Amino acid sequence: MKKLTATLSGLGVWLATAATAQMTPGGIAMQPANSALAEEVHFFHNWILLPIITVISLFVLALLIWVIVRYNAKSNPEPRKFSHNTLVEIIWTGVPIIILLIIALPSFELLYKEDVTPDGKQVVVAGDGQTVDFVFPNDFAESRMVKRRSHLQVALDNGSGQQVLRYRDDYRVDGFGDAEVVVSFETPPAPGERVIIRGGRSSQNVSGCPNAKRFIDACDKEIVMAPTMTIKAVGRQWGWNYSYPDFGDFEFLSDMATEEESTPETYLLEVNNRVVVPVGETIRITTTASDVIHAWALPAFAVKVDAVPGRINETWFSADREGIYYGQCSEICGVRHSYMPIAVEVVSRPAFEAWVDSQRALAEMEPMFDSENIKLARSENAGASAE
Ligand SMILES: [Cu+2]
């Protein structure tokens, strides 16, 4: 493999967007979430796990204090001799089962969302003032087909933003579970209006609810689009190799930046070549390793997936905001385990395309996009370690 290493200087153009998420000194809370799924994970931790563990800890502490005070040898010199109490035993078996169920049900949902890559897709049709029926091809795998109203979302865009429509009030649907789902309107959408139909099984809570300005405007779930690209991340002792198979399979090494190349806040987290992704798009990450087990983890996206030699693991994320997000290898992999950080730079779509073309230029490929101002982000190795 051609080794490409670089200095940070070329990436300066993108530094301007710098909202970042990283560890902070003394921090105890989780890093700010940058995806709807990460917000759901944080909600699960902050409003289900933390209250339950707090109540249990205080309850057990109170029991202990009660036993110590009330039943010590001095205040209770004549202990009673019973050893069973059926009612108490049923309660202390039953209540933990209920608590575990309360924890398990939402955690299964989260695990499923993290595990299954979204497959949602979107059909946009222009209205002509006459057509009332719009077809959504239901060409998913049988187990993932659009079969219920919650698998479909419909919006109208008249040029001033998307207006989410209500099932039955605004439109009707024919053919749930069939090869074609037909969305019907009472009044035909006017010329210039665009009908947007989103379908799929993968949904997530709307980020930043209730003030979200997303496809679904209220406190609701939105269908998550299928990935627009795949990034391959290969862990090695001690750094990451990335490639972008959808864009000509250019690849680069990503190694920890030196102290001089980092800021005091990002030292040990910064890398010489960051992963660059477009904002708001679903990104599939496939990961493996070339020597021992590593793990690709990015707290702001609630992503953590093992990179195992000889097998490919898959995960996904969709970033809500532009910025730079840091993570670290999260499977102890050797002496320099703590020196193989992960840095993801989330940029606008045009900036992403310019970056892709710059990487293709470095790999001596033709540009893919009509991007202006291509900056060559990778230069010759200026001291950053490639090993
Ligand atoms: Cu590692």
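Since the model is a prediction, treat every value here as computed from it, not as a measurement.

The rules behind the values
Residues numbered from 1 in each chain as written. Predicted model: local features only at pLDDT ≥ 70, side-chain atom pairs only at ≥ 80, totals over all residues. Helix = DSSP H or I, 4+ residues; strand = E, 2+ residues; numbered from the N terminus. Contact = placed C-beta atoms within 7 Å. Expected span 1.5 Å × (residues − 1). Buried ≥ 20, exposed ≤ 12 C-beta atoms within 10 Å, placed from the backbone. Pairing = 2+ DSSP bridges. Axes fitted to C-alpha atoms, helices over the stretch in contact; angles between N-to-C directions. Parallel < 35°, antiparallel > 145°, perpendicular 65-115°, else oblique. Left-handed = near helix turned anticlockwise from the far one by under 90°. Nonpolar A, V, L, I, M, F, W, Y, C, P; charged D, E, K, R; others polar. Core = buried A, V, L, I, M, F, W, Y, C linked by C-beta atoms within 7 Å. Domains from an automatic or database assignment. Bend = angle between axes of the 7 residues up to and from the residue.

**Topic: the overall build of the protein**
Within the protein, the secondary structure is distributed over four helices and 20 strands. Considering only residue pairs separated by 6 or more positions, the protein has 66% of its internal contacts joining residues 24 or more positions apart.

**Let's talk about helix α3 (residues 86–115)**
Given a rise of 1.5 Å per residue, 30 residues ought to cover 44 Å, and the 42 Å separating the end C-alpha atoms of α3 matches this to within 8%. Of all 30 residues in α3, one are buried, a share of ten percent or less.

**Notes on the sheet that holds strand β6 (residues 171–174)**
The antiparallel open sheet is built from three strands, whose spatial order is β3-β7-β6. This sheet does not close on itself; its edge strands, each paired only once, are β3 (133–137) and β6. Averaged over all pairs of adjacent strands, the angle between their axes in this sheet comes to 25 degrees, without regard to strand direction. Sheet analysis places β6 next to strand β7 (residues 180–185), joined by four bridges and oriented antiparallel. The residue bridging Tyr-171 from the neighbouring strand is Phe-185, located in β7.

**Remarks on unusual backbone geometry**
Note that the residue after Gln-237, namely Trp-238, is joined by a cis bond; omega there is 0 degrees. Within the element layout of this structure, Trp-238 appears in the loop between β11 (229–236) and β12 (239–244). Non-glycine residue Arg-168 carries a positive phi angle of around 75 degrees. As for its position among the elements, Arg-168 is in the loop between β5 (162–164) and β6. Located in the positive-phi region is Glu-364, a residue other than glycine, with phi close to 60 degrees. Tracing the backbone shows Glu-364 in the segment after α4 (349–362).

**Quick notes on the sheet that holds strand β2 (residues 121–126)**
Taken in spatial order, the four strands line up as β2-β8-β4-β5 in an open sheet, and their pairing is antiparallel. Strand pairing shows two members of the sheet lacking a second neighbour, β2 and β5, which therefore form its edges. In this sheet, neighbouring strand axes are inclined to one another by 25 degrees on average, regardless of whether the strands run parallel or antiparallel. Here three bridges tie strand β4 (residues 152–157) to β5, and the two strands are oriented antiparallel to one another.

**Regarding the packing of helix α2 (residues 36–70) against α3**
Between two packed helices, both the angle of their axes relative to each other and the distance between the axes serve to describe the pair. Close contact between α2 and α3 brings their axes to 11 Å; oriented N to C, the two are set at 165 degrees. Considering the angle they form, α2 stands roughly antiparallel to α3. For the pair α2 and α3, the crossing hand works out as left-handed. Taking contact as the criterion, the partners of Leu-37, Glu-40, Val-41, Phe-44, Ile-48, Leu-49 and Ile-52 in α2 are, on α3, Ile-99, Ile-103, Pro-106, Ser-107, Leu-110, Lys-113 and Glu-114. In terms of residue class, the contact of α2 with α3 is made up of ten nonpolar, one polar and three charged.

**Considering the nonpolar core**
Membership of the largest hydrophobic core comes to 55 residues, with the highest contact counts inside it found for Ala-233, Val-277, Phe-301, Tyr-325, Ala-343 and Val-344. Residues from two domains meet in this core; each of domain 1 (9–29 + 226–362) and domain 2 (36–76 + 86–115) gives at least three. Leave out the neighbours within four places in its chain, and Ala-233 touches Trp-240, Tyr-242, Ile-285, Thr-287, Trp-296 and Ala-307. The next biggest cluster of nonpolar side chains, apart from the first, holds ten residues, and it includes Phe-134, Val-146, Ala-155 and Val-195.

**As for the environment of Asn-158**
When you line up the elements, Asn-158 lands in the loop between β4 and β5. Residue Asn-158 is classed as partly exposed on the basis of its 13 C-beta neighbours within 10 Å. Asn-158 sits 36 residues away from Arg-194 along the chain, and the two C-alpha atoms are 6.3 Å apart. Contacts of Asn-158, omitting those with residues within four sequence positions, involve Gly-192 and Glu-193.

**As for α2**
Along its 35 residues, α2 runs 50 Å from first to last C-alpha, staying within 8% of the 51 Å computed at 1.5 Å per residue. At Leu-49, α2 shows its maximal bend, which comes to roughly 30 degrees, and the proline Pro-51 appears one to four places after that position. Among all positions in α2, only Ala-36, Leu-37, Ala-38, Glu-39, Glu-40 and Val-41 are buried. Residues of α2 that are buried sit in contact with α3 and β9 (203–205).

The quantities given are spatial measurements derived from coordinates; they are silent on function.
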